Amino acid sequence: MGCKITNENKEPLYIKVNPKDNVAIIVNQGGLSKGTVFKDGLQLLQDIPEANKVTLCDIKKDEPIIRYGEVIGYANKDVAKGSWLREDKVILPKAYSLDELKSDFIENDLEPLEGYTFMGYKNKDGSVGTKNILGITTTVQCSQGVLDVAVERLKREVLPKYTNVDDIIALNHLYGCGVAIKGKGAEIPIRTIKNLAKNANFGGEILTVSLGCEKLVPEMLFPDIKDENLIILQECNGFLEMVNQIMDKSEEKLKELNKRKREECPVSDLVVGLQCGGSDAFSGVTANPAVGYAADLLVRAGAKVMFSEVTEIRDAVHLLAPRTINDEVLSKLVSEMKWYDRYLEQADVDRDANPSPGNKKGGLSNVVDKALGSVAKSGSTRIVDVLSPGERIRKSGMTYAATPASDFVCGTQQLSSGITMQVFTTGRGTTYNLNVSPVIKVSTNSTLKKKWFDLIDVDAGTIATGEKTIEEVGWEIFNLILDVASDRKKTFADEHKIYNALAVFNPAPVT
């Protein structure tokens, strides 16, 4: 595993994660051809694409298929040694029982990491931002059109006067009316919209735009809201007054935000979210373990760190349960898993609706395979807390924040939980980005980095080829987090200004 794949060196390589595994993934860019022979004598019976699985022994029908030392499924037919194990040959195993999980009450045995700082924006409430942004929230989607016009004018005519302010962002969403505002599950989108406004990157200077007749009245979000923080469009005389009110009140906020200056802050002031999307079979052996190592470094330095995506950890929850700090945290973890199980059952959705077709092309057999690789992002430290969707992070250390796996929904929910930075791993590639918080992109394979040289910030594919270790890439990610948080470096996505819309999670009825 120590050789590099170059034009001069085409030695066939595969990765076997655990000694118990009876499958491995192909490392070579572009895959390998039928008849290829590895150093250990394994010969391929078929062409096998990069990142896809090869069987390391004969596997009989109904026998387990093992990866990461765990059963990811069962063979639905006899599969000969050296075969391409595609997802259509794998039967999904039963999910782990949530009632048999136990906490091991582990104690962190890692040494504290001291002496590392970043340049951030300190807020009156004690939080620290990595950006300096005016955020303008809406109580209902009906307000978006007018707000977008006002924000476009603000950016063009007003923002250049306030050089310490990075951006003006409309926190638009598809909620607020035509919904069961007091229905079961409605607390999730309401809590999310409310807590989005509290993100540390907004500096406490939030402004709210209301239509005036919606179900989500401003007081439901901000009980003590003052007139200077609120515009009600139905109380305005015409379109221009609407726009002018938004611009005038925004400029007052910009004056305050412009006073903010970056100051040296300890790493313990960071709130970092971890996410993946467009995953492949490399995810669990390169990028996710490297991010997990960086997460351990952050935890050692006292930071708040969160990972998410219920459906992408549900089938590995037995690996997380022993890491919960106590029975209370374990109980909350189990509760969130059960809630999501019921949520999927209501729609008759099988849990194998995840992964996507692209994930499967990238060598992921099923959701179990995906989950076992996904949890590697969370590192090795104990799990100190569990959040329901949209709840604010409370504790230093590693937190599990329950969210859907959808990239855009997960990102929005993590923002509402308080992240000021995010690290995102991808194997197939995605242009996903958040405008509220910087997002560092980590590729699981070097093929993607070479193809998307100006979109991927860190190449973890070097782990697969033996050029770098997990620890080396982990430190690279950790140091880049500090540089991006300090604005010493920008992510490629921020340089290109690629941003996605917010996607608030709403499991409640739409009327």
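Conventions we followed
Residues numbered from 1 in each chain as written. Predicted model: local features only at pLDDT ≥ 70, side-chain atom pairs only at ≥ 80, totals over all residues. Heavy atoms only, no water. Axes fitted to C-alpha atoms, helices over the stretch in contact; angles between N-to-C directions. Helix = DSSP H or I, 4+ residues; strand = E, 2+ residues; numbered from the N terminus. Parallel < 35°, antiparallel > 145°, perpendicular 65-115°, else oblique. Left-handed = near helix turned anticlockwise from the far one by under 90°. Contact = heavy atoms within 4.5 Å. Nonpolar A, V, L, I, M, F, W, Y, C, P; charged D, E, K, R; others polar. Pairing = 2+ DSSP bridges. Patch = residues over 30% accessible without salt bridge, like charges linked within 9 Å, V, L, I, M, F, W, Y side chains within 5 Å. Areas by Shrake-Rupley, 256 points an atom, 1.4 Å probe, with all protein chains shown as cover. Salt bridge = Lys/Arg side-chain N within 4 Å of Asp/Glu carboxyl O. Buried < 20%, exposed > 50% of the residue type's maximum accessible area, 1.4 Å probe, protein only. Expected span 1.5 Å × (residues − 1). Core = buried A, V, L, I, M, F, W, Y, C linked by side-chain atoms within 4.5 Å. Phe/Tyr/Trp six-rings, centres within 6.5 Å; stacked < 30°, edge-to-face > 60°. Lys NZ or Arg CZ within 6 Å of the ring centre and 35° of its normal.

### Considering the packing of helix α2 (residues 187–196) against helix α10 (residues 407–417)
Between α2 and α10, whose axes approach to 7 Å, the crossing angle comes to 60 degrees. Between α2 and α10, the angle is such that the two are oblique. α10 is crossed by α2, and the crossing has left-handed handedness. Seen from α2, the contacting residues are Thr-192, Asn-195 and Leu-196; seen from α10, they are Thr-412, Gln-413, Leu-415 and Ser-416. Considering only residue class, the contact of α2 with α10 consists of two nonpolar, five polar and no charged.

### Overview of the sheet that holds strand β4 (residues 64–67)
Across the sheet, which stays open at both edges, the three strands sit in the order β4-β5-β7 with antiparallel pairing between neighbours. Each of the sheet's edge strands pairs with one partner strand only, and the pair in question is β4 and β7 (90–91). Along the sheet, helix α9 (residues 367–374) contacts β4 and β5 (70–75); its crossing angle with β5, the most-contacted strand, is approximately 165 degrees.

### Structural notes on a nonpolar patch on the surface
Residues Val-71, Tyr-74 and Ile-91 make up a contiguous nonpolar surface patch of roughly 220 Å² in combined accessible area. Tracing the backbone shows Tyr-74 in strand β5. With relative accessibility at 32%, the residue Tyr-74 sits in the partly exposed group.

### With respect to the pattern of salt bridges
Considering all chains together, one arrives at 27 salt bridges under this definition. In this structure, Arg-86 and Asp-88 form a salt bridge, with 3.8 Å as the shortest nitrogen-oxygen distance. Residue classification places Arg-86 among the partly exposed residues on the basis of a relative accessible area of 31%. A salt bridge links Asp-167 to Lys-155, with the nearest nitrogen and oxygen atoms 3.3 Å apart. Of this pair, Asp-167 sits in strand β11 (residues 167–171) while Lys-155 is found in helix α1 (residues 144–158), placing the two residues 12 residues apart along the sequence. Looking at Asp-167, the relative accessible area reads 16%, which means it is buried. With a relative accessible area of 38%, Lys-155 lands in the partly exposed category. When salt bridges that share partners are traced, they join Lys-332, Glu-336, Asp-385, Glu-391 and Arg-394 into one network.

### Regarding helix α5 (residues 287–300)
Between its terminal C-alpha atoms α5 stretches 20 Å, which fits the 20 Å expected from 14 residues at 1.5 Å a residue. A large share of α5 lies buried, amounting to 12 of its 14 residues. Every buried residue of α5 is accounted for by Ala-287, Asn-288, Pro-289, Ala-290, Val-291, Gly-292, Ala-294, Ala-295, Asp-296, Leu-297, Leu-298 and Val-299. Remark: Gly-302 follows α5 within two positions and exhibits a positive phi of approximately 95 degrees.

### With respect to the nonpolar core
Judged by nonpolar contacts, the single largest core of 81 residues is most densely connected at Leu-270, Leu-274, Leu-298, Tyr-400, Val-442, Ile-477 and Ile-481. In terms of nonpolar packing, the next biggest core, distinct from the first, is built from 31 residues, Ile-169, Leu-171, Ala-186 and Leu-387 among them.

### Description of the packing of aromatic side chains
Tallied over the entire structure, the rule returns 12 aromatic pairs. Arranged with centres 5.1 Å apart and planes meeting at 65 degrees, the rings of Tyr-340 and Tyr-343 form a pair that is edge-to-face. Taken together, the positions of Tyr-340 and Tyr-343, both in helix α7 (residues 327–346) and three residues apart, correspond to about one turn of that helix. A relative accessible area of 8% means that Tyr-340 is categorised as buried. Here the aromatic residues Trp-339, Tyr-340, Tyr-343 and Phe-505 are joined through ring pairs into a cluster of three or more. The lysine or arginine in question, Arg-86, covers the ring of Trp-84, its NZ or CZ lying 5.1 Å from the ring centre. One residue, Lys-441, lies across the ring of Phe-424, its end atom 6.0 Å from the ring centre.

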